[in-house]
Amino acid sequence: VLGGIRVQEKHGDIEIRNQQPPVKPISIEAEYSEIVMTIPKESHFEIDASTKYGKFVSDFGPAKVLESSSGTVSRFKGSYGGGGPTFNLVTSYHDIHLSPS
């Protein structure tokens, strides 16, 4: 996918795999759904992710990510490589995984 992505889902896992570094925003709003994103390791992006009763796992080396928690919701905000498109990822009762390909 070379364009922007917007996904809304309930009770179904979401997996996105890009062969090219994303250049447009990616927005995922889900409930009871695991989010798995695999993008090229040379990608640059900003991320704003939150999960209720889940965790955020990133395999992107020294990404700058700030974590905050408020009750049952954990929020992760940061960047990797400076600049790039924004990823807004929201889910509940499952995890968010971000991995390089």
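This text goes with the structure placed above it.
### As for a nonpolar patch on the surface
Together, Tyr 32, Tyr 53 and Tyr 93 make up an exposed nonpolar region whose accessible area comes to about 330 Å². Within the secondary structure, Tyr 93 is located in the loop between strand 9 (86–92) and strand 10 (96–100).

### Structural notes on the side chain of Thr 38
Position of Thr 38 relative to the elements: it lies in strand 4 (residues 35–39). Looking at Thr 38, the relative accessible area reads 11%, which means it is buried. Ignoring any residue separated from it by four or fewer positions in sequence, one finds Thr 38 in contact with Ile 16, Arg 17, Asn 18, Ser 99, Pro 100 and Ser 101.

### Section: the sheet that holds strand 4
With parallel pairing, the four strands of this open sheet are ordered in space as 2-4-10-6. Among the strands making up the open sheet, the edge pair consists of strand 2 (14–17) and strand 6 (56–58). Shown here is a sheet whose adjacent strand axes are inclined to one another by a mean of 5 degrees, direction ignored.

### Describing the environment of Val 73
Structurally, Val 73 can be placed in strand 8 (residues 73–80). Classification of Val 73 as partly exposed rests on a relative accessible area of 33%. C-alpha of Val 73 to C-alpha of Glu 29: the two residues are 44 residues apart in sequence and 14 Å apart in space. Beyond its immediate chain neighbours, meaning those up to four positions away, Val 73 contacts Ser 50, Thr 51, Lys 52 and Ser 68.

Reading guide: rules and limits
- Residues numbered from 1 in each chain as written.
- Predicted model: local features only at pLDDT ≥ 70, side-chain atom pairs only at ≥ 80, totals over all residues.
- Heavy atoms only, no water.
- Patch = residues over 30% accessible without salt bridge, like charges linked within 9 Å, V, L, I, M, F, W, Y side chains within 5 Å.
- Areas by Shrake-Rupley, 256 points an atom, 1.4 Å probe, with all protein chains shown as cover.
- Salt bridge = Lys/Arg side-chain N within 4 Å of Asp/Glu carboxyl O.
- Helix = DSSP H or I, 4+ residues; strand = E, 2+ residues; numbered from the N terminus.
- Buried < 20%, exposed > 50% of the residue type's maximum accessible area, 1.4 Å probe, protein only.
- Contact = heavy atoms within 4.5 Å.
- Pairing = 2+ DSSP bridges.
- Axes fitted to C-alpha atoms, helices over the stretch in contact; angles between N-to-C directions.

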